[in-house]
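Architecture and fold: a report
Okay, here's what each chain looks like letter by letter:
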Amino acid sequence: MVAQASRNKKGKGSRNFVLYTAIIVLIIVLLVVINQVQKKEEGQNDHFASAPSTESQPVLGDANAKVSIVEFGDYMCPTCMYWGETIWPQLQKEFVDTGKATFSYVNVDFHAQPSVTGALASESIFKSHPDKFWDFHKALFAAQPTAEHDNNWLTEDKAVEVAKSVIPDLDEAALRTSMNSDEMKEQFQLDKQLYQDFNVTLTPTIMINETKIADPLDYAAIKAAIEASLE
Ligand code: CA
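Going along each chain's sequence as written, the residues are numbered from 1 onward. Note on the predicted model: pLDDT of at least 70 is required for a residue's local features to be given, and 80 or more for side-chain atom pairs to be given and counted; whole-chain, interface and lining totals, by contrast, use all residues. Here the side-chain values reflect all heavy atoms present in the structure, with hydrogen atoms and water set aside.

Only protein chains enter the accessibility calculation, which uses a 1.4 Å probe; a residue whose area is less than 20% of its type maximum is buried, one above 50% is exposed, and one in between is partly exposed. For helices the rule is a DSSP run of H or I covering at least 4 residues; for strands it is a run of E covering at least 2, with both sets numbered from the N terminus onward. Covered by surrounding structure in strand E5 (residues 205-208) are Thr-205 and Met-207 together with Ile-206 and Ile-208, the residues of both alternating faces. Sheet analysis places strand E3 (residues 67-73) next to E5, joined by four bridges and oriented antiparallel. Residue Val-70 lies in a different strand from E5, and its bridge partner there is Met-207. What makes two strands pair is DSSP finding at least two bridges between them. By the bridge criterion, two bridges tie E5 to strand E6 (residues 211-212) in an arrangement that is antiparallel. What sits directly across from Ile-208, in E6, is Thr-211. Remark: two residues form the turn of the hairpin made by E5 and E6, two consecutive strands paired antiparallel; Asn-209 in that turn has positive phi of roughly 50 degrees.

Below you can see the structure in the form of structure tokens.
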């Protein structure tokens, strides 16, 4: 009797061991699967019902182009500067200069007041000197300090200085008045509404028509989305 009880106990114990092992293995498998699903979601482009409206925004390229490239950017953002120096020249050469795509820039203010100052300068120059807008845009990014770029470098004075370097006969007082006007604040408000509508949480965010690109620094992914839209 005693021996049998011991065997039963032993048998129950090994069944439990098998059960617990199976549960642990199942949990590990589930964790691996969940992790892979998350990774896949992080790397996937987002699709919206429509492309962001570029009405009231600076647009570069052939207005009849089939594809609209929109950058949601911030003059305070180092990755935006990097994007402008590395990804943008390839995009411009391959798709904008060839009439296949247009390019628009929408202001985002993820770095507090300096971002707003940059955005208001950008809106003002776009209104007063639309033909000089892209030169100013590039020059303002180029004015970003190489170190400690989170410092409040983008002041009204800095924006005026950069604008004067691009537009020598600039009316400085007029630019300052414009930057502080309700009209430009309203223009910037349109951009804010746009980036909220498209759930922009990082800069730069790149949209190809209605597709939001998962990794803005992945030129191949941007190119693939453009080519899909051109078909
Ligand atoms: Ca704008």
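Once that is clear, we can look at unusual backbone geometry. Each neighbour pair has its own omega, and for Thr-203 with Pro-204 the value is -5 degrees, a cis peptide bond. One non-glycine residue with positive phi stands out, namely Ser-56, at about 70 degrees. In this structure, Ser-56 sits in the loop between strand E1 (46-47) and strand E2 (59-60). Within the chain, Asn-209 stands out as a residue other than glycine whose phi angle is a positive 50 degrees. If you trace the backbone, Asn-209 turns up in the loop between E5 and E6.

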